[in-house]
Amino acid sequence: MTQFGLFCERIGLHLEPFQRRIANAAAGPEREFVALLPRGQGKTTLLAAIALHHLLAVKGAAVYCAASSREQARILYEAAAMFARRLENDHVVVRHLELRWCDDPDEPNVFSRHMRVLAADAPRLHGLTPSLAIIDELHAHPSDEVYLAMRTAMLKRPGSKLLVISTAGQGADSPLGRLRARALAQPSIRRSGALTDARGASLRLLEWSVPEDASIDEMREVKKANPASWITLDALAEQRDAVAEIAFR
């Protein structure tokens, strides 16, 4: 088991195979990593675990997580704070939308590492020097500003990385659509069933989606694009029927 896998066992997060694949790819040599999955796959929870692990493992860690809204930022933060409390590590101090590593637990205002969760507010993101920059649900961001601010910021620190995990967006002319197009232009593209793995020297993409030649009415094909075990065929069929009912009202 990897170091991250052992860490997840400690915080009570059971990693499924697709989550291990994402975590391993996120730890790869590429400076930029993108994972695209349908809703309900536990993306934000996995991001929280990755961010907290980086905080504990990297000296001088500066982790910034940019969510699409204040509500989404709070979900990510609450997951990270819950995991931090399970560790029962006195050096990790929980603050409002921030986790700190304090060398002296009796001095919570003096810290050498931090993880901050921010709502999508591009002006506040300029001037940062992250060791790890994370963008949650890029499909919901109205412009490229947050992505560009985070990507520019992480280039200022050697070895830093940018992770983007999102539900697939609508259309190519969007922040996520443009990033996906760039990823799919990388020199190595492999498709195995519902999973596309695209990689180049500095960018890697993992995308779970229904193959273009498959029917979205075929629930077994749709299930392959929803790798989480808790997403069942019955649940997918129920979701499809509910959407169809709303569409025809």
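Scope of this entry: the structure provided in the associated data block. (Residues numbered from 1 in each chain as written. Predicted model: local features only at pLDDT ≥ 70, side-chain atom pairs only at ≥ 80, totals over all residues. Heavy atoms only, no water.)

Here we come to the packing of aromatic side chains. Per the stated rule, a full pass over the model turns up two aromatic pairs. Here the aromatic rings of Phe-18 and Trp-208 are separated by 6.2 Å at their centres, their planes lie at 80°, and the arrangement is edge-to-face. One end of the pair, Phe-18, is in helix H2 (residues 17-26); the other, Trp-208, is in strand S10 (residues 203-208), and 190 residues separate them in sequence. Directly above the aromatic system of Trp-101 lies the positively charged group of Arg-113, at a separation of 4.5 Å from the ring centroid. (Phe/Tyr/Trp six-rings, centres within 6.5 Å; stacked < 30°, edge-to-face > 60°. Helix = DSSP H or I, 4+ residues; strand = E, 2+ residues; numbered from the N terminus. Lys NZ or Arg CZ within 6 Å of the ring centre and 35° of its normal.)

If you trace the 10 strands from one edge of the open sheet to the other, you get S3-S4-S5-S2-S6-S7-S1-S10-S9-S8, paired in mixed fashion. Bordering the open sheet on either side are strand S3 (92-95) and strand S8 (188-192), each of which pairs with just one other strand. On average, each strand axis in the sheet is tilted by 10° relative to the strand beside it, whichever way the strands run. Two strands pair when backbone bridges link them, and strand S9 (residues 195-199) and S10 are joined in this way by five bridges, in the antiparallel orientation. Residue Ala-198 lies in a different strand from S10, and its bridge partner there is Leu-205. Packed on one face of the sheet, H2 meets strand S1 (32-36), strand S7 (161-166), S9 and S10 and runs near 170° to S10. Of the strands in this sheet, S1, S7, S8, S9 and S10 are in contact with helix H7 (residues 175-183), which crosses S1 at around 110°. (Pairing = 2+ DSSP bridges. Axes fitted to C-alpha atoms, helices over the stretch in contact; angles between N-to-C directions. Contact = heavy atoms within 4.5 Å.)

Turning to the nonpolar core, a few remarks are in order. Counting 53 residues, the largest nonpolar core has Phe-4, Ile-22, Leu-99 and Met-115 as the members making the most contacts within it. Here this core gets nine residues from one element, more than from any other, and that element is helix H4 (residues 70-87). Ala-133, Ile-135, Val-164 and Leu-205 belong to the second-largest nonpolar core, a separate cluster that totals 25 residues. (Core = buried A, V, L, I, M, F, W, Y, C linked by side-chain atoms within 4.5 Å. Buried < 20%, exposed > 50% of the residue type's maximum accessible area, 1.4 Å probe, protein only.)

Along the chain, Thr-167 falls in the loop between S7 and H7. Under the relative-accessibility criterion, Thr-167 is labelled buried at 9%. Discounting chain neighbours no more than four positions away, the residues touching Thr-167 are Leu-37, Pro-38, Arg-39, Lys-43, Glu-137, His-139 and Leu-176.

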